[in-house]
Amino acid sequence: MRDVTLVPFTEDLLPAVQVWFTDADVQRWLGGPDWPAREFRIAGHGIGEEFRGRIVLRVHSWVVLDEDGVPVAHIGGDVYDRWYREPGRSMGLAYVVDPGRQRQGYGRSALLAVVTAPETADVAIFAVGIEPENVASVRCATAAGFTPDDPEPDFEGIVYHLRRKADDHGRGVG
Ligand SMILES: CC(C)(COP(=O)(O)OP(=O)(O)OC[C@H]1O[C@@H](n2cnc3c(N)ncnc32)[C@H](O)[C@@H]1OP(=O)(O)O)[C@@H](O)C(=O)NCCC(=O)NCCS
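Residues numbered from 1 in each chain as written. Predicted model: local features only at pLDDT ≥ 70, side-chain atom pairs only at ≥ 80, totals over all residues. Heavy atoms only, no water.

As recorded in an unreviewed UniProt entry, the protein goes by GNAT family N-acetyltransferase and comes from Paractinoplanes lichenicola.

Right under this line is the structure:
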């Protein structure tokens, strides 16, 4: 596992992150350079509102720094009051690793850093919505201990991969 650090995604870090969104795969699965910029435009919107039957409680957005303090990934998402009909706070996550530094364990480490962060101590269920064709993300989530909730894609073609803290006892962070 990589020794990464989460820092809040602030606007001064936007240029470092935005350049990753010129990559074809990043664009395919997430979007273009406006995708990270949009976060700053919509900051605070939607909190307290219902999104697919869940109330958005807050939003977290981090840049992941490598061992030398260099930005290597971006990860974040909304915290909700529950997960569909399941009680307990949940968090939906999206993430990207610098295309020049993928397949070196940073994606897995970023997910694990969020799952163990003090800021998410109240979150019971972490969720990553992945299109099954996104093999890199499926493998990355699997490597971080996430398993498909329902292997059948939903109406948007998404499979939610979940990691429940209740399942972690005795397993450790890996
Ligand atoms: C998905 C993504 C974040 C993975 O990051 P990463 O740093 O390359 O992942 P890791 O190095 O931690 O790899 C974790 C596992 O995934 C596997 N993996 C990563 N990229 C892969 C690829 N392109 N093809 C096959 N397997 C891949 C690794 O081999 C590793 O598996 P292992 O633990 O069984 O050896 C990265 O590919 C990315 O940013 N993709 C574009 C944006 C995106 O798709 N985000 C997710 C939206 S749901």
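Next, the rest of the story.
Undergrad: Would you mind showing me how to read the site of the ligand here?
TA: Around the ligand, the surrounding shell holds 21 residues, and the nearest of these are Tyr95, Arg103, Gly105, Gly107 and Asn134. Glycine 105 has a polar backbone atom sitting 2.7 Å from an oxygen atom of the ligand. Glycine 107 is positioned with one of its backbone polar atoms (N or O) 2.8 Å from an oxygen atom of the ligand. Those elements that place two or more of their residues in the shell around the ligand are α2 (24-29), β5 (86-97), α4 (106-115), β6 (125-130) and α5 (135-143). The element that contributes the greatest number of residues to the shell around the ligand is α5, accounting for 5 residues. Residue composition of the shell around the ligand, by class: 11 nonpolar, 7 polar and 3 charged. (Near = heavy atom within 4 Å. Polar contact = N/O pair within 3.5 Å; in protein donor to acceptor, adjacent residues only side chain to side chain. Helix = DSSP H or I, 4+ residues; strand = E, 2+ residues; numbered from the N terminus. Nonpolar A, V, L, I, M, F, W, Y, C, P; charged D, E, K, R; others polar.)

Undergrad: Sorry if this is basic, but what is going on with the nonpolar core here?
TA: Generally speaking, nonpolar side chains in soluble globular proteins are found buried as a group. One finds Ile75 and Leu111 to be the most contacted residues of the largest nonpolar core, which totals 28 residues. Elements represented by at least two residues in this core include exactly β3 (54-65), β4 (71-83), β5, α4, β6 and α5. For this core, the leading source of residues is α4, giving 7 residues. Residues Leu14, Trp20, Val26 and Leu65 belong to the second largest nonpolar core, which totals 11 residues. (Core = buried A, V, L, I, M, F, W, Y, C linked by side-chain atoms within 4.5 Å. Buried < 20%, exposed > 50% of the residue type's maximum accessible area, 1.4 Å probe, protein only.)

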